[in-house]
Amino acid sequence: HRAAEDIVACVGVLVAGFTPGLSDLFASGEAPVLLNCLYCSEHPPLQILAAEVLTDAASSSSMFTTWLVTETDLVGGHLGELLEGGHTELVDATLRLCKRLSSAEAFSHSVQKGTAVRALQKLAESESTDTLTGFDELGEGRRGVTRKDVAMSILSTAFHMD
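Residues numbered from 1 in each chain as written. Predicted model: local features only at pLDDT ≥ 70, side-chain atom pairs only at ≥ 80, totals over all residues. Heavy atoms only, no water.

**Describing the environment of Q47**
With respect to the element layout, Q47 can be found in helix α4 (residues 44-60). A C-alpha to C-alpha distance of 9.1 Å links Q47 and L34, two positions 13 residues apart in sequence. Beyond its immediate chain neighbours, meaning those up to four positions away, Q47 contacts C37, L38, Y39, C40, S41, L82 and L90. (Helix = DSSP H or I, 4+ residues; strand = E, 2+ residues; numbered from the N terminus. Contact = heavy atoms within 4.5 Å.)

Written out as structure tokens, the structure is:
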């Protein structure tokens, strides 16, 4: 799995914030390989890295975000499993990815197809006070944002309550 981690990291460096690199990734037809790495439950470090690369790519391109939401099985088929996986770092990386994906117009419809809503509801009902990084837009002057805060924000977006 170490070689796969190295490849994903290289792809992340090549496409993050660089629109031509992201376009080339699309054009090559190899973008789904990142999803396969994200779904590799035998190796959480690879999943975490893939989630971070996908989040960065989605941050750089609304087209990539829309593709992830509408043209892949990520939101409707795998997001719930990733959020319920139990590996804290993977849950946090998945929440960051989910928050980014929630900006897509089709997210609300796609997220309700699978188990993600249930997983987000569990997180929203949790009593955890562990703070996360990468959620400055939710901070609103507070010291830290919790998984509960992020899950509630995503659910609010999904059900158009914001």
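**Some thoughts on the packing of helix α6 (residues 74-84) against helix α7 (residues 88-101)**
Contact pair α6 / α7: the axes reach a minimum separation of 9 Å and the direction vectors enclose 150°. As judged from the angle between their axes, α6 and α7 are roughly antiparallel. Note on packing geometry: the crossing formed by α6 with α7 is left-handed. Two secondary-structure elements touch here, α6 through L74, V75, L79, L82 and L83 and α7 through L90, V91, T94, L95, L97, C98 and L101. In the contact of α6 with α7, the residues fall into eleven nonpolar, one polar and no charged. (Axes fitted to C-alpha atoms, helices over the stretch in contact; angles between N-to-C directions. Parallel < 35°, antiparallel > 145°, perpendicular 65-115°, else oblique. Left-handed = near helix turned anticlockwise from the far one by under 90°. Nonpolar A, V, L, I, M, F, W, Y, C, P; charged D, E, K, R; others polar.)

**Remarks on the packing of α7 against helix α11 (residues 147-158)**
Where α7 contacts α11, the two axes come as close as 10 Å, and the packing angle between them is 30°. It follows from the interaxial angle that α7 and α11 lie roughly parallel. Relative to α11, the crossing made by α7 is left-handed. Of the residues in α11, those touching α7 at T88, V91, D92, L95, C98 and K99 are R147, V150, A151, S153, I154 and T157.

**Regarding the environment of H109**
Relative to the helices and strands, H109 resides in helix α8 (residues 107-111). Distance in space between the C-alpha atoms of H109 and F159 is 9.1 Å, their sequence separation being 50 residues.

**With respect to the side chain of T94**
When you line up the elements, T94 lands in helix α7. Overall, the relative accessible area of 1% leaves T94 in the buried class. (Buried < 20%, exposed > 50% of the residue type's maximum accessible area, 1.4 Å probe, protein only.)

**Considerations on the side chain of T65**
Inspection of the secondary structure puts T65 in helix α5 (residues 62-70). In contact with T65, other than residues within four places in its own chain, are A58, R100, L101, S103 and A104.

**Digging into α6**
When we look at burial in α6, the residues that qualify are L74, V75, H78, L79, G80, L82 and L83. Taken together, the buried residues of α6 touch α3 (32-38), α4, α5, α7, α8 and α9 (116-125). Following α6 by one or two positions, G86 adopts a phi angle in the positive range, close to 90°.

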